[in-house]
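Chain residues, written in single-letter form:
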Amino acid sequence: MRISKKRLFIVTGLFFLTLSLSATGKGFAIMVDRATYNACKSEIDQYTSMLESEGFSPGIFSRDWKNPEEVRNILHGMYRDHSLEGAFFIGDIPVPMIRDAQHLTSAFKMDQERFPFRESSVPSDRFYDDFDLAFEYLGQKEDDSLFFYYSLSAASPQYIKSDIYTGRLKPTRKGEEGYRQVRDYFVKLLAERKKENPLDVITSYTGEGSFSNSMTAWRDQALLMKEQFPQAFKDKDSAKFLFFAMYPFMKELLEEELRREEMDLMFFHEHGTPDRQYLTAIPYSEGAEAYHDAAKRVFRRSLQRIKSPEEREEAMEKWIEHYRIAPAWFADAFSKEKMEEDSLLDLRTGIVLDDVPRIAPNARMVIFDACYNGDFREERYIAGEYVFGGGKTLVTFGNSVNVLQDKSSSDLMGMLGLGFRVGEWAREINILESHIIGDPTFRFSGGKAAQIDLHADGPDYWLSVLEREEHPDLKGLALRKLFYLQYEGMPELLVSTYHHSPWYAVRLQVYHLLQHYKGDAFGELIESSIYDPYEFIRRKSVFSMGRIGSDRFIPFLASVYLNDYLDERVYFNAIFTFDLMDMDKLEAEVKKQLGENNSFPDKERVWKEFKASLDSRRRIAAMADDVINKGKPLKARLSAARMLRNYAYHHRVGEYLDVIADDTEEESLRITLAEALGWFTLSQNRVIIVNTFEEVASGSQTPPALKDELRKSIARIEVYMR
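Residues numbered from 1 in each chain as written. Predicted model: local features only at pLDDT ≥ 70, side-chain atom pairs only at ≥ 80, totals over all residues. Heavy atoms only, no water.

Charged atoms that come close allow side chains of opposite charge to pair. Scanning the model with the defined rule gives 64 salt bridges in all. Salt-bridge contacts for R652 lead to D625; the nearest nitrogen and oxygen are separated by 3.3 Å. Pair noted here: R652 is in the loop between α24 (634-643) and α25 (653-661) and D625 is in the loop between α23 (603-623) and α24, with a separation of 27 residues, a long-range link. Look at R652 and you get partly exposed, because its relative accessible area is 23%. Put simply, K236, D237, K240, E257, R260 and E262 are held in one network by salt bridges that share partners. (Salt bridge = Lys/Arg side-chain N within 4 Å of Asp/Glu carboxyl O. Helix = DSSP H or I, 4+ residues; strand = E, 2+ residues; numbered from the N terminus. Buried < 20%, exposed > 50% of the residue type's maximum accessible area, 1.4 Å probe, protein only.)

Here it is in structure tokens:
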């Protein structure tokens, strides 16, 4: 059947729109500011023609955008009427700055009262691609005309499920230089998009400080990615897994990897800021003299960061006494020669903004599992410099704020190797801070994607995908689709899948999804998954035991603490559960298991270390007691309430609820505590929390702001109570 198309040219006083309509085409919106479009019209139009050749019905929307609602309304209309798949934001497109939604991030918990709006808000395009989310407009600040501040409404869903996918192309230079960046980007994009390029060359790098420097965690990345990208494991150079300790200055090796003409995917696990990737810290040293020089350099750099002369003197005296070092170590700390030497050495430990054009990276896609590398609030930012860097990098995936080290950064990533578009993958795994920088329609070659209907809305279809497809990430995708389709037998299916699947990637999806159901299935599962072959599942299972807080998990946590100390991140998470459990029972269980364990040559030392860790956690837990102590100042009580976002002290829930129900307490404290208890999503006491919140919210004397926060927290917890 021949499909007729017609091109519409609509010109009004507000905007210019070119829209190609097709009976079967997928809608795609190109949102661009008027000046950028005028300066880059030819290149953007060529990109539009390419999309048409791939079956899209693209529309170009160009205007001087006044606010994010303009953009969202157009996108929503196209989604409703023209099967919109995605959108590409080019140039100066308004930036939604989201507040009161930190539970939708992986880790961001900055105090919104203490810190300025700009720093304590999350720049997020979920405003544009998840149409169910509801926001209340808060206004603008003077710092940037593109920033618009919104609060996530209490009436909104309290979870993310993007309807479309989005990408940004925000130049890192101003004026004509920025327009040239945009033009050059589209020239290389169109050239690369003409090529057939399977995703079969990968390099993954783990920087210093990631995953507690765990070799087990680093090793398991290779095992997982071999499941996801089997085609890349064909020779020694096609799949590399690099670790910060392999070479004194890994930056030099990574630059060569980024420049490789054949590089498809570069994956960074590292710490970051908008202007830097932190690759290594103190360079690896060999021999006494090298260690001596490295130690002196550490102290010099620490001293150079202290601005006050008085504070410098105080620091030197403290270090000399504590570390028993000579004053001569600091003698040349501020000499021009040493400062230049230290500065140049520091540059060799990370990739900074000005490095990227020099490197001219060729990796077609770069993923930054790092804080702030994708922070497009800044004029220049790492993820943006990569796509404009002069090489062949076409798309990056990064985060606009800080992220959790234990974030699941590889979910469904094998979709990329099967020919799915970057945006199609990102739509399935978005969090509030994650963003595509560059063309979201970019894809590597692969025929499997065309065989999967991502918009199928029948459980039978996805059950068949789960059954017939061999690739683990297609099985994981099927499980996610069944989850969102509210498949009735989901808990039983998930449990069965976990116990029968040989795939790390599939069992990880089971872990992610099963925790959203009430009942005991998830608790029973993590008693098994705490011993899973995949380190990340073990790590997260330990974490979940603490978030639930049941005494039933104490023997498991004691065993992990005593036996899994070589899995640094698992061990770390075990210690962080100590104060979330009944600490007296935990102490007794560790003592019992230690007594029965004959593998420790020095049990007294092990017990002493355990007691030190437990006592430290007791002191931390005691700080949170201020929230229920009316004798403490309000400031101290508010600080203690905010602690509960990270520390779910289940045994105190009844007392916390008494504060919330007490109308003589300060409203600000009740609101802060209501928000904090919304983080108790897995708590064994969550039913009590929800019931009390509903009762208080229904009270005629309850202040409106408190009602909103209570209802918001109820919705947040109920996401995990299917």
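Let us keep going from here.
On average, residues of the protein score 94 in pLDDT, and 96% of them reach the 70 mark or higher. Contacts of residues 1-23 to residues separated by more than four positions or lying in other chains number 52 contacts, the stretch itself having pLDDT below 50. (pLDDT = per-residue confidence, 0-100. Contact = heavy atoms within 4.5 Å.)

Let's shift gears to the nonpolar core. By size, the foremost hydrophobic cluster in this structure holds 173 residues, and its most contacted members are F186, F268, M365 and W425. Counting residues per element, this core draws most heavily on helix α17 (residues 504-514), at 8 residues. Setting aside residues no more than four positions away along its own chain, W425 makes contact with M365, I367, F397, D411, L412, M413, M415 and L416. By size, the runner-up hydrophobic cluster in this structure holds 32 residues, among which are M78, I93, I98 and I164. (Core = buried A, V, L, I, M, F, W, Y, C linked by side-chain atoms within 4.5 Å.)

Using the criterion set out here, one finds 43 aromatic pairs in the structure. With a centroid separation of 5.0 Å and an interplanar angle of 40°, the aromatic rings of F127 and F135 are classed as tilted. Judged by relative accessible area, F127 falls into the buried class, the value being 3%. F135 sits in the buried class, given a relative accessible area of 18%. Measuring from ring centre to ring centre gives 6.0 Å for Y647 and Y649, while their planes differ by 5°; the resulting arrangement is stacked. Using a relative accessible area of 18% as the deciding quantity, one classes Y647 as buried. (Phe/Tyr/Trp six-rings, centres within 6.5 Å; stacked < 30°, edge-to-face > 60°.)

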